[in-house]
Amino acid sequence: MSRKNFIAGNWKMNTTADQARALAQEVVAVVGQVDDVDVAVCPPYTNLATVAEVIKGSNVKLGAQDVHWEPKGAFTGKVSCDMLKNVGVTYVIVGHSEQRSYFGETDETVNKKTKAVLAADLLPIVCVGETLEERKSGSMDKVIDRQVRGAFDGISAQDAEKCTIAYEPVWAIGTGETASPEQANQAHVFIRKIVSELFGEQISNIIRIQYGGSMKPDNAKALLAQSDVDGGLIGGAALKAGDFAGIVQPK
Ligand code: PGA
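Novice: I tried to follow the overall build of the chain on my own but got confused; where do I start?
Specialist: Check the secondary structure of the chain and you find twelve helices and eight strands. The globule rule puts the C-alpha radius of gyration for 251 residues at 18 Å, and the 17 Å found for the chain is close to it. Per-residue burial for the chain yields a buried fraction of 54% across its 251 residues. Expressed as a percentage of contacts within the chain between residues at least 6 apart in sequence, the contacts between residues at least 24 apart total 73%. Summing over all exposed atoms, the chain offers an accessible surface of approximately 11,400 Å²; the carbon and sulfur share of this is 50%.

Written out as structure tokens, the structure reads:
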């Protein structure tokens, strides 16, 4: 089963509107016509509309970094799926480890967000991954199993097929430390097995699993060459168009 690679840039809390416009223009210049890899950029909420305008007509799609599951109402500081959709968003990152560790994201809220994103006809990128302590103490499999089953609880196979999963070992995020290609692939195979148990083998072969955590132009090729690594969720290296391009099309 061949899956099309999917590289998404997670800009996190970086870029003012001016900077976002400039970065998006550079990204379009270097990877805007790529069609053998799906490409998306996920700027902060305030820059979604700006970036939407810049990427229009290119192959670069727009993603958001988070969402609230409720459709509207008194939820100060939150943004709904409809709001995202209305500015041109296609993908929504859900359950990023920074949301989990700093902002109280739980498996339950990840599940609610994933369902809301799917109900709005947007495409979730569901993040999972173990911390260093969890890896060292041998509970990595248990943690990932809980996160994947939690995220997909009550979701139909038909909807699950539209999701991307991002495996992001927390110890590799922003640290310069990358999982080895073999370590990454082992985790991806494990995740795919859980998906297969939940939704059957066919769906598990369709779902793309991105790797995230210090992915760079110089390690992208080896990671992407792994059987079960279907792309990347890129933080730091997504803030430089040249580096991002070097991951989308690694040499
Ligand atoms: P990083 O971040 O590439 O800077 O490690 C990845 C992520 O958190 O999505």
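Novice: I keep staring at the sheet that holds strand 6 (residues 164-167) and nothing clicks. Help me out?
Specialist: Either a parallel or an antiparallel arrangement is found when strands of a sheet pair, and the pairing is made through backbone hydrogen bonds. Spatially, 1-2-3-4-5-6-7-8 is the arrangement adopted by the eight strands of the closed barrel, whose pairing is parallel. The sheet shows a mean angle of 25 degrees between the axes of neighbouring strands, taken without regard to direction. Bridge count between strand 1 (residues 6-10) and strand 2 (residues 38-42): five bridges; the pairing is parallel. In the strand pairing of strand 2, Phe-6 is matched with Asp-38. Running over the sheet, helix 12 (residues 241-248) touches strand 1, strand 2 and strand 8 (231-234) and is turned about 160 degrees from strand 1.

Novice: What should I look at first to understand helix 7 (residues 140-151) in this one?
Specialist: Working note: α-helix, 3.6 residues per turn, so residues spaced by three or four point in the same direction. With twelve residues, helix 7 ought to run about 16 Å at 1.5 Å a step, and its terminal C-alpha atoms sit 16 Å apart, in line with that. Along helix 7, the residues classified as buried are Met-140, Val-143, Ile-144, Gln-147, Val-148, Gly-150 and Ala-151. Buried residues of helix 7, seen end-on, are gathered within an arc of 165 degrees and therefore sit on one face of the element. Turning to helix 7, the residues buried within the fold contact helix 4 (97-102), helix 5 (107-119), strand 5 (123-128), helix 6 (132-136), strand 6 and helix 9 (181-199).

Novice: Before we go on, may I ask you to explain the layout of surface pockets in this structure?
Specialist: Roughly 410 Å³ of volume is contained in the largest pocket. Surrounding the largest pocket, Asn-10, Lys-12, Met-13, Pro-44, Tyr-45, Gln-65, Asp-66, His-96, Glu-98, Gln-99, Tyr-102 and Phe-103 form its lining. Tallying contributions element by element places helix 4 first for the lining of the largest pocket, with three residues.

Novice: Just checking my understanding: could you explain the site of the ligand for this structure?
Specialist: Of all residues adjacent to the ligand, which total 13 residues, the nearest are Lys-12, His-96, Glu-168, Gly-174 and Ser-214. At 2.7 Å, a backbone N or O of Gly-174 approaches an oxygen atom of the ligand. The contact in question runs from an oxygen atom of the ligand to an N or O atom on the backbone of Gly-236, over 2.8 Å. Protein chains shield 95% of the accessible area of the ligand, which is 280 Å² for the free molecule. Grouping the constituent residues of the shell around the ligand by class yields four nonpolar, seven polar and two charged.

Novice: Please explain the packing of aromatic side chains as it appears in this structure.
Specialist: Note on aromatic pairs: each is described by the distance of the centres and the angle between the planes. With the rule as written, the count across this model stands at four aromatic pairs. Measuring from centroid to centroid gives 6.1 Å for Tyr-102 and Phe-103, while their planes differ by 85 degrees, and the two rings are edge-to-face. According to the relative accessible area criterion, Tyr-102 is exposed, its value standing at 61%. Residue class for Phe-103 comes out exposed when judged on its relative accessible area of 59%. Considering the side-chain rings of Phe-152 and Phe-199, the 5.8 Å spacing of their centres and the 75 degrees angle between planes classify their relative orientation as edge-to-face. With Phe-152 in the loop between helix 7 and helix 8 (157-160) and Phe-199 in helix 9, this pair connects stretches of sequence that are 47 residues apart. The buried category is assigned to Phe-152, whose relative accessible area is 4%.

Calculation criteria
Residues numbered from 1 in each chain as written. Predicted model: local features only at pLDDT ≥ 70, side-chain atom pairs only at ≥ 80, totals over all residues. Heavy atoms only, no water. Helix = DSSP H or I, 4+ residues; strand = E, 2+ residues; numbered from the N terminus. Rg over C-alpha atoms; globule rule 2.2 N^0.38 Å. Buried < 20%, exposed > 50% of the residue type's maximum accessible area, 1.4 Å probe, protein only. Contact = heavy atoms within 4.5 Å. Areas by Shrake-Rupley, 256 points an atom, 1.4 Å probe, with all protein chains shown as cover. Pairing = 2+ DSSP bridges. Axes fitted to C-alpha atoms, helices over the stretch in contact; angles between N-to-C directions. Expected span 1.5 Å × (residues − 1). Arc of directions from axis to C-beta. 1 Å grid on protein atoms, 1.4 Å probe; cavity = no way out; pocket = protein on both sides within 12 Å on 5 of 7 lines; lining within 4 Å. Points joined across faces, edges and corners; volume = space filled by probe spheres on them. Near = heavy atom within 4 Å. Polar contact = N/O pair within 3.5 Å; in protein donor to acceptor, adjacent residues only side chain to side chain. Nonpolar A, V, L, I, M, F, W, Y, C, P; charged D, E, K, R; others polar. Phe/Tyr/Trp six-rings, centres within 6.5 Å; stacked < 30°, edge-to-face > 60°.

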